[in-house]
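Remarks on the overall topology
Each chain is listed here by its residues.
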Amino acid sequence: MKKLISLLLAVLMLFTFAGCGGGGDGGGGKPSGNPDDGKIVVWVGEESAEFYQKACDDFVKNNPDFGYTVTVKGMDTGAVAGTVTNDPSAAADIFTVAHDNIGKLASTQCAKPIADESLIRQVKADNPASFQNVIYSTLNGKEYLYGVPYISQALFLYYNKEKVTDAQAESFEGLREAARAAGTKAITVTGDDGFNNSFALLATRVPDHETTVKLFQGAEAVSGGSKGESNCQGDDTVAIVRWLQEYYADPNGFKWASSDGWEADLKNGGALAVIGGAWHYNSAKAALSETNLGIALIPTFTLTDAACAGLSGVKAGDVYRGGTFADCKVFMINAHSATEKYNALQTLVKYMSSKEVQNESYVNCLNVPAYVGASDFIKSCFDSGKVTESQYMLACKQVEMAEWGIPQPFLTGTLNTYYYSKNAPAVLRAMIEKSPYPATGDVILSETESLEGIRKGLYMMEYLWMHGVNPKDFPADLPVKA
């Protein structure tokens, strides 16, 4: 178990935090005005701002000795990490990010580690091991807690109940059957990036959850440290790519979202289902109506003879379920906030991340709690009529999909960048489409249909994950460690 020494941290907090972009001021910065102005600023998701403002107002009212007023502002949480990095002195005292940004913000000294022992104990007691493994980072050779989980999220399936039965929504084959009857495509996704295509990359075998895919396993939570081990060249991954090539080529199979967006595809019947997250709920409901909005796990699919031809690690008839990144959103403390605020900021984070506030956040904002055992509370809300059936299913399926996914394992900014921004997602899309990939650099992947072409594509993806650049050539015999 990680040992966090409060006394040492108190000293570390006095060190200069000058690694972030923008005008740093040595840890005594003033993101919300003068350090003694009595104000704390908090950034949360736009959908949650009203709730957290009320919750913080109640906290201040009930704790007259707290000494600060709190202003909560709604933000695009996907953009917060970049905003903080660009100018931390203008950012909030407490901000929300997805956990995969922790390493980047910690290594650039945009965030302070947590020193409050009671908060550390709360985090350890409440959160699953999967989250515990991704919320620490390294400072001066030691691991410290940087992110405090309070929302969990995962991808799942939205579908049109008017056109798709609940049974059909359980498998990609069933969705295709419904699409043939409706004369349209079965399913789309909200984007073609490395997050949204995780449904294919992270698919695992039913019922044993087996996969050969590895993403930065054993990586160190320190900039410049070990990148761990990655693999996406197993026979199962080859077969899944082949299966998805078939499904994409089918006139009633998979499609990328149209230029008008996935919402238009759902509304206009261009696709009967979409893989998305809780943050897409309101848009999906608007497209289909709450009456016709179905919510389910990402479906299963069955490998075909063609998908398994020439492969020894899989066989036709093997059933897989689409996977997901099962993540948490966390609160972090700005390293440029006034030192005088530090204890108060930790106290506020402890309150906002408590089980009680997480529960209220679910009832008011449909934010799925991050703590272990939240399913019981979610069920009680449905039984008592506090949430509708679709709102209940929204939470349940996210919780269930966590069993079929992994948290994003990007413990440093480098790993995040290599996975998302060095063209590996574009290689996967090219393979799905059987289209040439005009790679930059010395290697061009021009053939993506044959077994050899797929193996080259998967080797290139793995190489990009590990090195951030294209390989200079392809080994004669594949698979081989990139």
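The structure displayed is predicted, hence computed values, not measured ones.

A few points about the overall build of the chain
Tallying secondary structure elements over the chain gives 19 helices and 19 strands in all. A compact globule built from 482 residues should have a C-alpha radius of gyration of about 23 Å, and the chain, at 23 Å, falls within 12% of that. With the principal axes as the frame, the chain shows a C-alpha extent of 70 × 55 × 40 Å. Taking the intrachain contacts of the chain between residues at least 6 apart in sequence as the baseline, contacts between residues at least 24 apart amount to 75%. Total accessible area on the chain stands at roughly 19,100 Å², and carbon and sulfur atoms take up 49% of it. Between the averaged position of the 40 positive side-chain charges in the chain and that of its 55 negative side-chain charges there is a distance of 2 Å.

Side note on the side chain of S353
Residue position: S353 is located in the loop between α13 (342-352) and α14 (355-365). Residue classification places S353 among the buried positions, given a relative accessible area of 2%. Within polar-contact distance, the side chain of S353 engages the side chain of Q122 at 3.2 Å. Among all residues touching S353, those that are not within four sequence positions of it are L119, Q122, V148, P149, Y150, F331 and Q358.

Things to note about the pairing of strand β7 (residues 148-153)
In summary, the side chains of a regular strand alternate between the two faces of the sheet. With six of six residues buried, β7 is to be regarded as a mostly interior element. Sheet topology note: the β7/strand β18 (residues 327-334) ladder contains five bridges and is antiparallel. Its bridge partner being in β18, I151 is matched across the sheet by K329.

Digging into the pattern of salt bridges
Counted under the stated rule, the structure contains 16 salt bridges. A salt bridge links R180 to D250; its shortest N-O distance comes to 3.3 Å. With R180 in helix α7 (residues 172-182) and D250 in the loop between α9 (235-249) and α10 (262-268), this residue pair connects regions lying 70 residues apart in the sequence. Here D250 falls in the buried class, since its relative accessible area comes to 13%. With a shortest N-O distance of 2.6 Å, R205 and D208 are connected by a salt bridge.

What about the packing of helix α5 (residues 117-126) against α13?
Packing of α5 against α13 brings their axes to within 9 Å, and their N-to-C directions diverge by 25°. With respect to α13, the axis of α5 lies roughly parallel. Note that α5 runs across α13; the crossing there is left-handed. Along its contact with α5, which presents S118, L119 and Q122, the element α13 presents Q346, V349 and K350.

Let's talk about the environment of Q408
By the secondary structure assignment, Q408 is in the loop between β19 (405-406) and α17 (413-421). Distance from Q408 to F216, taken between C-alpha atoms, is 9.8 Å for residues 192 residues apart in sequence. Discounting residues that sit within four places of it in the chain, Q408 has contacts with H99, D100, V134, F195, F325, D327 and Y420. Within the structure, the side chain of Q408 is placed 3.5 Å from the side chain of D100, a separation counted as a polar contact.

A closer look at the sheet that holds strand β8 (residues 156-160)
Taken together, four strands build an open sheet; the order of strands is β9-β13-β8-β14 and the sheet is mixed. Each edge of the open sheet carries a strand with a single partner, namely β9 (185-189) and β14 (293-296). Ignoring which end each strand starts from, the neighbouring axes of this sheet average 25° apart. Summarising the sheet, β8 and strand β13 (residues 271-276) pair through four bridges and their orientation is antiparallel. Paired with Y159 across the strands is A273, a residue of β13. Here helix α11 (residues 281-288) sits on the sheet in contact with β8 and β14, set at roughly 140° to β14.

A word on the sheet that holds strand β10 (residues 204-205)
Across the sheet, which stays open at both edges, the three strands sit in the order β10-β16-β15 with antiparallel pairing between neighbours. Each edge of the open sheet carries a strand with a single partner, namely β10 and β15 (300-302). Sheet analysis places β10 next to strand β16 (residues 319-321), joined by two bridges and oriented antiparallel. Along β16, the bridge assignment pairs T204 with R321.

Some details on the side chain of Q122
Within the secondary structure, Q122 is located in helix α5. Owing to a relative accessible area of 16%, Q122 belongs among the buried residues under this scheme. A distance of 3.1 Å separates a polar side-chain atom of Q122 from the backbone oxygen of K350. Setting aside residues no more than four positions away along its own chain, Q122 makes contact with N127, K350, S353 and S354.

Some remarks on the nonpolar core
Among the nonpolar cores identified, the biggest contains 98 residues, and I187 and M461 are the most heavily contacted of them. Per-element accounting of this core gives the leading share, nine residues, to helix α19 (residues 451-467). Leaving out residues up to four positions away in the same chain, M461 has contacts with L201, C232, A424, V427, L428 and M431. Among the nonpolar cores identified, the runner-up in size contains 61 residues, and V41, V44, M75 and L345 belong to it.

Focus: the state of the cysteines
Enumeration over the complete set of coordinates arrives at zero disulfides. Unpaired in this structure, C328 has its nearest cysteine sulfur neighbour in C365, at a distance of 18 Å. In this structure C365 is a free cysteine whose sulfur lies 12 Å from that of C56, the closest cysteine sulfur available.

Rules and cut-offs
- Residue numbers run consecutively from 1 along every chain, following the written order of its sequence.
- Selection of residues for local features in this predicted model requires a pLDDT of at least 70, selection of side-chain atom pairs for listing and counting requires 80 or more, and totals for whole chains, interfaces and linings are taken over all residues.
- As a rule here, side-chain values come from all non-hydrogen atoms in the structure, and water together with hydrogens is ignored.
- Only DSSP runs of H or I reaching four residues or more are called helices, and only runs of E reaching two or more are called strands; each is numbered from the N terminus.
- The globule rule used for comparison is 2.2 Å times the number of residues to the exponent 0.38, while the radius of gyration itself is calculated over C-alpha atoms.
- Note on contacts: a residue pair qualifies if any of its non-hydrogen atoms lie within 4.5 Å across the two residues.
- Only the protein chains shown count as covering a residue, and every accessible area follows the Shrake-Rupley method with a 1.4 Å probe.
- In this charge count, Lys and Arg are treated as positive and Asp and Glu as negative; neither His nor the chain ends contribute.
- Taken as the charge centre is NZ of Lys, CZ of Arg, CG of Asp or CD of Glu, depending on the residue.
- For every residue, the accessible area (1.4 Å probe, protein chains only) is compared with the maximum for its type, and the residue is labelled buried under 20%, exposed over 50%, or partly exposed between those bounds.
- Counting of polar contacts relies on pairs of N or O atoms within 3.5 Å, with two restrictions inside protein: one atom must be capable of donating a hydrogen and the other of accepting it, and residues adjacent in sequence are counted only when both atoms are side-chain atoms.
- In this description, strands pair whenever DSSP reports at least two bridges between them.
- Here a salt bridge means any side-chain nitrogen of Lys or Arg lying within 4 Å of a carboxyl oxygen belonging to Asp or Glu.
- A fitted line through C-alpha atoms serves as each axis, taken over the contacting stretch for helices, and the angle formed by two N-to-C directions is quoted from 0 to 180°.
- Any angle that falls under 35 degrees is termed roughly parallel, while one over 145 is termed roughly antiparallel, one within 65 to 115 roughly perpendicular, and all others oblique.
- The sense of a crossing depends on the near helix, which, turned anticlockwise from the far helix by less than a right angle, makes the crossing left-handed and, turned clockwise, makes it right-handed.
- Note on terminology: a nonpolar core comprises buried Ala, Val, Leu, Ile, Met, Phe, Trp, Tyr and Cys residues joined through side-chain atoms within 4.5 Å.
- When the sulfur atoms of two cysteines come within 2.5 Å, that pair is taken as a disulfide.

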